[in-house]
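What follows is each chain in one-letter form.
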Amino acid sequence: QVQLVESGGGLVQAGGSLRLSCAASGGSFSTYDIGWFRQAPGKERQFVGTLKWSRGSTYYAGSVKGRFTISRDNAENMVYLQMNSLKPEDTAVYYCAARSSTLAWGLSTTSYAYWGQGTQVTVSS
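Report on the accompanying structure. (Residues numbered from 1 in each chain as written. Predicted model: local features only at pLDDT ≥ 70, side-chain atom pairs only at ≥ 80, totals over all residues. Heavy atoms only, no water.)

Of regular secondary structure, the protein possesses zero helices and eleven strands. Reading the protein from its N end, one meets helices and strands in the order β-β-β-β-β-β-β-β-β-β-β. Relative to a compact globule of 125 residues, whose C-alpha radius of gyration would be 14 Å, the protein shows 13 Å and is just as compact. Of all 125 residues assigned to the protein, the portion counted as buried reaches 42%. Of the roughly 6,200 Å² that the protein leaves accessible, carbon and sulfur atoms contribute 48%. On the protein, the mean spot of the 11 positive side-chain charges and the mean spot of the 7 negative ones are 6 Å from each other. (Helix = DSSP H or I, 4+ residues; strand = E, 2+ residues; numbered from the N terminus. Rg over C-alpha atoms; globule rule 2.2 N^0.38 Å. Buried < 20%, exposed > 50% of the residue type's maximum accessible area, 1.4 Å probe, protein only. Areas by Shrake-Rupley, 256 points an atom, 1.4 Å probe, with all protein chains shown as cover. Lys, Arg positive; Asp, Glu negative; His and termini not counted. Charge placed at Lys NZ, Arg CZ, Asp CG, Glu CD.)

Below you can see the structure in the form of structure tokens.
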């Protein structure tokens, strides 16, 4: 059974940085896509970015492109979301998710079968 555990959230001032981690277990992740999503209070869960594990290729939402970077550590089965130049509007619970890889980018929540429990990121102004 695939399990995902996020960590690294916290409180940071606007303009600061955080690195979120997603520890993956229970699967052969070289054949998976890992997505990052976020959900602010009262809002729908929103796509942040995604990684195709086998190639290391990434795709980002326009709102975070150039500020956020997804990377992976094959040996440790870890995926990271490096967040720079944080803004108050980045405040949300951040989730990592996994699915069997396809040719298409996984941009929607419904395309992911496995989810972590989330980690809170709060950016103060």
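Note on placement: S21 falls in strand β3 (residues 18-25). The class for S21 is buried, based on a relative accessible area of 11%. Ignoring sequence-local partners within four residues, the contact set of S21 consists of V5, E6, S7, W36, M78, V79 and Y80. (Contact = heavy atoms within 4.5 Å.)

Counting 33 residues, the largest nonpolar core has W36, F68, V79, L81, M83 and Y94 as its most contacted members. Going through the elements one at a time, β3, β4 (32-39), β5 (46-52), β7 (68-73), β8 (78-83), β9 (92-100) and β11 (119-124) are the ones with two or more residues in this core. Considering every element that reaches this core, the biggest residue donor is β9, with five residues. (Core = buried A, V, L, I, M, F, W, Y, C linked by side-chain atoms within 4.5 Å.)

Another point: the packing of aromatic side chains. Tallied over the entire structure, the rule returns nine aromatic pairs. Look at Y112 and W115: their rings are 6.3 Å apart centre to centre, the planes differ by 70°, and that puts the pair in the edge-to-face class. With a relative accessible area of 5%, Y112 lands in the buried category. Joined through ring pairs, the aromatic side chains of F37, F47, Y59, Y95, W105, Y112 and W115 make up one cluster. When the ring centre of W105 is taken as origin, the NZ or CZ atom of K52, which lies over that ring, is 5.3 Å away. (Phe/Tyr/Trp six-rings, centres within 6.5 Å; stacked < 30°, edge-to-face > 60°. Lys NZ or Arg CZ within 6 Å of the ring centre and 35° of its normal.)

Right, let's get into a nonpolar patch on the surface. Side chains of Y59, W105 and L107 sit close together on the surface and give an oily, nonpolar patch of about 260 Å² of accessible area. Looking at where Y59 falls in the secondary structure, it is placed in strand β6 (residues 57-60). Y59 sits in the partly exposed class, given a relative accessible area of 35%. (Patch = residues over 30% accessible without salt bridge, like charges linked within 9 Å, V, L, I, M, F, W, Y side chains within 5 Å. Salt bridge = Lys/Arg side-chain N within 4 Å of Asp/Glu carboxyl O.)

Quick look at the sheet that holds strand β1 (residues 3-7) now. Spatial strand order, β1-β3-β8-β7: four strands in an open sheet with antiparallel pairing. Edge positions in the open sheet fall to β1 and β7, since each of these has one partner strand only. With direction set aside, neighbouring strand axes in the sheet form an average angle of 20°. Pairing of β1 with β3 involves five bridges; the strand directions are antiparallel. Across the sheet, the residue bridging to L4 is A24, located in β3. (Pairing = 2+ DSSP bridges. Axes fitted to C-alpha atoms, helices over the stretch in contact; angles between N-to-C directions.)

Without other data, these values stay purely geometric and don't point to any function.
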